[in-house]
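One letter stands for each residue in the lines below.
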Amino acid sequence: MPGLTAQQVHEKPLWPDGLPNGQQVTLEEEWKERPIEEGAKVTLDRSVKAISTPTITVYRPEKQNPHRSSIVILPGGGFSHLAIDKEGHDIARWLNTHGITGIVVKYRVIHEPSNFHVYNASVPDSLRAIRLVRHHAKDWNLDPNKVGVMGFSAGGYLTAAAGTLYDDGNPGSSDPIEKMSCKPNFIAPIYPLIEIEERIHTSEAFKVRMLGQNSTSARIHQFSPIKHVTAATPPTFL
């Protein structure tokens, strides 16, 4: 990574003790090179899918912002893959130029044979990433009260979901990460998928991709962020 040392960029598993809810699946990730050529300049633009080991990659700036703020980054890709560079690693490096720590989430996307859907894979991975950052805030010299989330397209949906599906953590959990709050301090959904109820009611295939085979009206409502905006919703950049 240009301008960064190995100590400033590191990757950590989201679920080091295995996926939650017994989802013990091992897939071979599929990476695709999609270089963008602009004259003599070639920009890396990879996509990745078939993810069964979700991770965060932490980019720490050389000169820390005195506010010690951080942003969790959720790439888009229609929940079928992740545009991991242009909507992930590139954004983290740009945040570093402003002294902000960027955390790229390689979250699980829809994978029918493994029964990964948005509600039981992509959303839990996104919320777990926020908890993980708070858990390591002291180690990474971050303010646990200045953890934002930014996402693009499908990642924008997950960003909005993080701003409405959050909880204060589980104090009784044996996992110290799960004791952390997953409420973002601010969110930035960028060209997000935001209205899903109408599409769910007109497309059975879309409903299954988002919420699985046995989705109920209660689940549809629960995972519709636009229905849950309140005075407690984090400050939002639109």
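Below is a short write-up of the structure.

If you tally the helices and strands in the protein, you get six helices and eleven strands. On C-alpha atoms alone, the protein measures out to a radius of gyration of 17 Å, which is about the 18 Å that the 2.2 N^0.38 rule sets for 238 residues. Based on the C-alpha atoms only, the size of the protein along its principal axes is roughly 50 × 45 × 35 Å. Taking all 238 residues of the protein together, the buried fraction comes to 52%. Once local pairs closer than 6 in sequence are excluded, the contacts in the protein between residues at least 24 apart make up 75%. Surface accessibility of the protein: about 11500 Å² in total, with carbon and sulfur atoms responsible for 52%. Each charge sign in the protein was given a centre, from 25 positive and 25 negative side chains, and these centres are 4 Å apart.

Here the focus is the side chain of Asp 85. Counting through the fold element by element, Asp 85 comes out in helix α1 (residues 85-96). Ignoring sequence-local partners within four residues, the contact set of Asp 85 consists of Leu 44, Asp 45, Arg 46, Asp 90 and Ile 91.

Bringing the pairing of strand β11 (residues 186-190) into the picture now. Of all five residues in β11, four are buried, a share of seventy percent or more. Relative to β11, strand β10 (residues 147-152) runs parallel, the two being bridged by five bridges. Residue pairing across strands places Met 150 opposite Ala 188, the latter belonging to β11. Taken together, β10, helix α3 (residues 154-162) and β11 constitute a β-α-β crossover, and its handedness is right-handed.

On to the sheet that holds strand β8 (residues 82-83), then. Taken in spatial order, the three strands line up as β2-β5-β8 in an open sheet, and their pairing is antiparallel. Each edge of the open sheet carries a strand with a single partner, namely β2 (30-33) and β8. Examined bridge by bridge, β2 and strand β5 (residues 46-49) share four bridges and lie antiparallel to one another. Across the sheet, residue Lys 32 finds its bridge partner in β5, namely Ser 47.

So, how was this worked out
- Residues numbered from 1 in each chain as written.
- Predicted model: local features only at pLDDT ≥ 70, side-chain atom pairs only at ≥ 80, totals over all residues.
- Heavy atoms only, no water.
- Helix = DSSP H or I, 4+ residues; strand = E, 2+ residues; numbered from the N terminus.
- Rg over C-alpha atoms; globule rule 2.2 N^0.38 Å.
- Buried < 20%, exposed > 50% of the residue type's maximum accessible area, 1.4 Å probe, protein only.
- Contact = heavy atoms within 4.5 Å.
- Areas by Shrake-Rupley, 256 points an atom, 1.4 Å probe, with all protein chains shown as cover.
- Lys, Arg positive; Asp, Glu negative; His and termini not counted.
- Charge placed at Lys NZ, Arg CZ, Asp CG, Glu CD.
- Pairing = 2+ DSSP bridges.
- Right-handed = clockwise from strand over helix to strand, strands pointing away.

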